[in-house]
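# Remarks on the overall topology
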Amino acid sequence: MSDQSFDATVRVFIALAPPDEAKDELAAALRPAYDAYPGLRWNRIEDWHITLAFLGELPVAAVPPLRDPLAALAATRRPLELALTGGGHFDERVLWSGIDGDLDGLHLLATDVRALVKECGIPFEGRPLRPHLTLARARRGDATAIADAAAGLAGFSGRRWPTARLHLVGSNFGRGPAPIRYRDIASWPFAGAGG
């Protein structure tokens, strides 16, 4: 533990991360949108992830008890075959790429992760899983860029890839204009996955 005070908190979620090759394919497909819509708040490619469970702001002390149960869960699961595909938006404010592949397995993994979180005594708001990878957010007053960028991704179909690790992620979510930054708190390989 660090010298953080007992009331310190961290914003936490549990996620999967596409491999670099899959992210590079999507980044190449996004190049026209990057050029056309520089005013969007683009997520850094290294922060791209597929959220399984968003836990919100937690006391720092609530995070370590998640480690062993998440490691045990990952050790019992085979990698899922997934792909990034197409694009869409939530309320013309959030641009995303869709997920294709073993969606039944993805939903089952998310259900089990969420049950584990509750077993660890962490309250969890059970929003339905909408598999996606968030790419950008619109700034206030910009109602067209997100929908136009999503339309530009309509034909994108990326390679299939196996999920390698289950990630416990923290963010420095702030109230200011700086972009959100994510960091792995810990990650664990799935059964039979490399790395």
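The preceding data block contains the structure.
These lines cover the structure that appears in this document, whether it is placed above or below. As the structure is a computational prediction, the values presented were derived from the model and not from experiment.

### Side note on the overall build of the protein chain
Within the protein chain, the secondary structure is distributed over 4 helices and 9 strands. From first element to last, N terminus to C terminus, the protein chain shows the α and β order β-α-β-β-α-β-β-α-β-α-β-β-β. Here the C-alpha radius of gyration of the protein chain, 17 Å, is about what a compact globule of 195 residues would show, namely 16 Å. Sorting the 195 residues of the protein chain into buried and exposed places 44% on the buried side. Accessible surface computed for the protein chain: about 10,200 Å², of which carbon and sulfur atoms make up 52%.

### Notes on the environment of Arg-41
Mapped onto the secondary structure, Arg-41 falls in strand β2 (residues 41-42). Arg-41 sits in the partly exposed class, given a relative accessible area of 36%. A C-alpha to C-alpha distance of 36 Å links Arg-41 and Ala-72, two positions 31 residues apart in sequence. Setting aside its immediate chain neighbours within four residues, Arg-41 contacts Leu-135, Ala-136, Arg-137, Ala-138 and Arg-139.

### Quick look at the environment of Ile-14
Structurally, the position occupied by Ile-14 is in strand β1 (residues 9-16). With residues near it in sequence (within four places) discarded, Ile-14 still touches Ile-50, Thr-51, Leu-52, Ala-53, Leu-55, Leu-70, Val-113, Val-117, Leu-166, His-167 and Leu-168.

Conventions and cut-offs
Residues numbered from 1 in each chain as written. Predicted model: local features only at pLDDT ≥ 70, side-chain atom pairs only at ≥ 80, totals over all residues. Heavy atoms only, no water. Helix = DSSP H or I, 4+ residues; strand = E, 2+ residues; numbered from the N terminus. Rg over C-alpha atoms; globule rule 2.2 N^0.38 Å. Buried < 20%, exposed > 50% of the residue type's maximum accessible area, 1.4 Å probe, protein only. Areas by Shrake-Rupley, 256 points an atom, 1.4 Å probe, with all protein chains shown as cover. Contact = heavy atoms within 4.5 Å.

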